Amino acid sequence: MIKNAFKEVFRHPSYLILSGAVALLIFAFAVWLPNIRLLLSLVTDPTVPISVKVSFPIRLFESITTNFTTLSASYTIVIALLTGINVALFVYYVRKQRQLAQGGLTIGSVGIVSGIVGMGCAACGFLILTSLLGTAGGIGVIALLPLRGGEFGILGVILLGIATYLLAKQISKPMVCEVPITNL
Amino acid sequence: MEHHEHETKMPETTVAPATTLSMPIAIVIAGVLIAGAIFLGLRGNSSSVAGTAQQPQQVAQATGDLKQMKPIAGDDHIRGNPNAQVKIVEYSDMECPFCKRFHETLKQATAEYGDQIAWVYRHFPLDQLHSKARKEAVATECAAEQGGNTAFWKYMDRWFELTPSNNQTDIDTVLPQIAKEIELDEAKFTSCLASKKYDAHIEENVQNATATGGNGTPWSIVVGKNGKQYPLSGAQPIEAVKQLIDLAKQGK
């Protein structure tokens, strides 16, 4: 069922590109977040060579192996991929003007938000959560959690997984008029 | 036989407006979260790469300003050439696994660049995450008290070699063990460790880390030619660090 839905959506290259672009955006955001100030200053500084402006952000991609735990790197990549898939499925649905998968959308929505909140390096305080709550408060909240903030990432993966399943299920449903059981 | 025509109609799955909007709203919320994180990150340091390292120390009224970096002084621990054009000031937590990793990265950079760079170590124990880190920082200061800069770095290197991070070390055993290994006077070391003489120095490092915008570890400031400063958060890969050093060398 999921396979069929994926085939239906991703046989169009535009949805593949959309999904990949969203996934890349989310992934880039996760690895660049701790150094967003540095990146912006390098990009906007006219004395910095173009080659550095281009290559430095790409080199930071490697920080997924140096600045993340195995767990946080895993869920960061999975969240990025699932968000990309979810957005592509959602856009496909909207463009087809079909019924919206209520459950899938709601769960997917919570999943995206939860995943975004939990992204980053939980072990040393580089989470979006800490950025939003302020340094001391953010780390204090994280210290109370057994996985130091990784809970949000895991929750995001689970919810996005369910959302992907529900959306795919909805897409793979044939577009026919249903016979209400009560009238049989 | 009477034929009953089945009544057909569209599925009764009408979607409430709130529900149909949930995905776009989620994307907007996610965007707001991202924008908020970026904004708060940027607000911390408006001066970015424009500040100078040698400005007199100011009172840390606002946080996140690189200009508030305490000038490199005699109480700092420096590896490499103290007069190098490029200085990397690292604020680090001895229980942070990423500081352990980044320690190796900076060792590699120091080995490759030799006298062209200086690595300055400052303490930034995240007490709420790593309750043992502050005492460990004191231990390195006690090592320095006896053996100067050399003992400090020997102690620090050995610490990161031996320990697994995240508060998993029995510090009552390991701290004196390293002191013994690097041939410090154990009695003096133990007495120093029990004293509070370096508490103020470590707290000053912590305050300076936050004042300059550090909100996690490792937090580093690369100071280049002409005093330009480049903030670097996290255990970034060696190639990125080298590129930043090269940029700092050129004063760009």
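All values reported here derive from a predicted model rather than from experimental measurement.

Broken down by element type, chain B carries 8 helices and 5 strands. Its helices and strands in sequence order give chain B the pattern α-α-β-β-α-β-α-α-α-α-β-β-α, from N to C terminus. Residues classed as buried in chain B amount to 45% of the 252 residues present.

When you go through chain A residue by residue, the secondary structure sums to 10 helices and 2 strands. Its helices and strands taken in sequence order, chain A reads α-α-α-α-α-α-α-β-β-α-α-α from the N to the C terminus. Counting all 184 residues of chain A, 48% fall into the buried class. Contacts spanning at least 24 positions in sequence make up 76% of the contacts within chain A whose residues lie at least 6 apart.

The next subject is the sheet that holds strand β4 (residues 219-223) of chain B. Residue and element names in this part refer to chain B. A sheet is described by the order of its strands in space; here 5 strands give the open sequence β1-β3-β2-β4-β5, paired in mixed fashion. A strand with exactly one partner marks an edge of an open sheet, and here the two such strands are β1 (77-80) and β5 (229-233). Across this sheet, the average inter-strand angle for adjacent strands is 20°, counted without regard to direction. Inspection of the sheet shows β1 paired to strand β3 (residues 117-123) by 4 bridges, in the antiparallel sense. Across the sheet, the residue bridging to H77 is Y121, located in β3.

With that settled, consider the nonpolar core. Grouped together as the largest cluster of nonpolar side chains are 97 residues, with contacts concentrated most on L89(A), A143(B), V222(B), L244(B) and I245(B). In this structure, V222(B) is in contact with V86(B), I88(B), Y230(B), L232(B), L244(B), I245(B) and A248(B), ignoring residues within four places of it in sequence.

A few words now on unusual backbone geometry. Residues and elements named next belong to chain B. Here the residue pair T217 and P218 is connected by a cis peptide bond, since its omega of -5° sits within 30 degrees of zero. Looking at where P218 falls in the secondary structure, it is placed in the loop between α7 (199-211) and β4. At N166, a position not held by glycine, the phi torsion is positive, near 55°. For N166, the location among the structural elements is in the loop between α4 (133-162) and α5 (171-181).

One can find P237(B) in the loop between β5 and α8 (238-250). Between the alpha carbons of P237(B) and V174(B) there is a distance of 29 Å; along the sequence they are 63 residues apart.

Turning our eyes to something else, we now look at α7(B). All names here are of chain B. For α7, spanning 13 residues, the distance from its first C-alpha to its last is 18 Å, which sits close to the expected 18 Å at 1.5 Å a residue. Listed in full, the buried residues belonging to α7 are I202, N205, V206, N208, A209 and A211. On its buried face, α7 sits against β2 (86-92), β3, α4 and β4.

Residue and element names in this part refer to chain B. Between α4 and helix α6 (residues 186-194), the least distance of the axes is 9 Å, while the angle of their chain directions is 135°. With respect to α6, the element α4 is oriented oblique. Remark: the crossing between α4 and α6 carries right-handed chirality. Mapping the contact onto sequence places V138, A139, C142, E145 and Q146 in α4 and K188, F189, C192 and L193 in α6. Across the contact of α4 with α6, the residue classes tally to 6 nonpolar, 1 polar and 2 charged.

Turning to the packing of α5(B) against α6(B), a few remarks are in order. Residue and element names in this part refer to chain B. Interhelical geometry of α5 versus α6 gives an angle of 140° and a closest axis separation of 10 Å. As for how α5 packs across α6, the hand of that crossing is right-handed. Where α5 approaches α6, its residues L175, P176, A179 and K180 are matched on the opposing element by E186, F189, T190 and L193. Taken together, the residues that form the contact of α5 with α6 break down as 5 nonpolar, 1 polar and 2 charged.

All names here are of chain B. Looking at chain B, pLDDT values average 83 and 75% of them are 70 or higher. Summarising per-element confidence for chain B, the mean pLDDT is lowest in helix α1 (residues 17-20) (51) and highest in β3 (98). For residues 1-18, every residue scores under 50 in pLDDT, and the model assigns this stretch 15 contacts once sequence neighbours within four places are set aside. In this model, residues 44-62 is a region of pLDDT below 50 whose contacts with residues beyond four sequence positions or in other chains number 37 contacts. In the model output, the complex is listed with pTM 0.78 alongside ipTM 0.76.

This part is about the confidence of the model for chain A. Averaged over every residue, the pLDDT of chain A is 78; residues scoring 70 or more account for 70%. When the elements of chain A are averaged for pLDDT, strand β2 (residues 126-127) of chain A gives the smallest value, 54, and helix α4 (residues 50-60) of chain A the largest, 95.

With that out of the way, let us pick up the pairing of β5(B). Residue and element names in this part refer to chain B. Taken across its 5 residues, β5 has 5 buried, putting it largely inside the fold. The pairing of β4 with β5 spans 5 bridges and is classified as antiparallel. Looking at β5, one finds that S220 is bridged to L232. Hairpin connection of β4 to β5: 5 residues between the antiparallel strands, including N226 at a positive phi of 65°.

As a further point, take the environment of R158(B). Structurally, R158(B) can be placed in helix α4. Distance in space between the C-alpha atoms of R158(B) and E112(B) is 21 Å, their sequence separation being 46 residues.

Quick notes on the rules
Residues numbered from 1 in each chain as written. Chains lettered and ligands numbered in written order. Predicted model: local features only at pLDDT ≥ 70, side-chain atom pairs only at ≥ 80, totals over all residues. Helix = DSSP H or I, 4+ residues; strand = E, 2+ residues; numbered from the N terminus. Buried ≥ 20, exposed ≤ 12 C-beta atoms within 10 Å, placed from the backbone. Contact = placed C-beta atoms within 7 Å. Pairing = 2+ DSSP bridges. Axes fitted to C-alpha atoms, helices over the stretch in contact; angles between N-to-C directions. Core = buried A, V, L, I, M, F, W, Y, C linked by C-beta atoms within 7 Å. Expected span 1.5 Å × (residues − 1). Parallel < 35°, antiparallel > 145°, perpendicular 65-115°, else oblique. Left-handed = near helix turned anticlockwise from the far one by under 90°. Nonpolar A, V, L, I, M, F, W, Y, C, P; charged D, E, K, R; others polar. pLDDT = per-residue confidence, 0-100.

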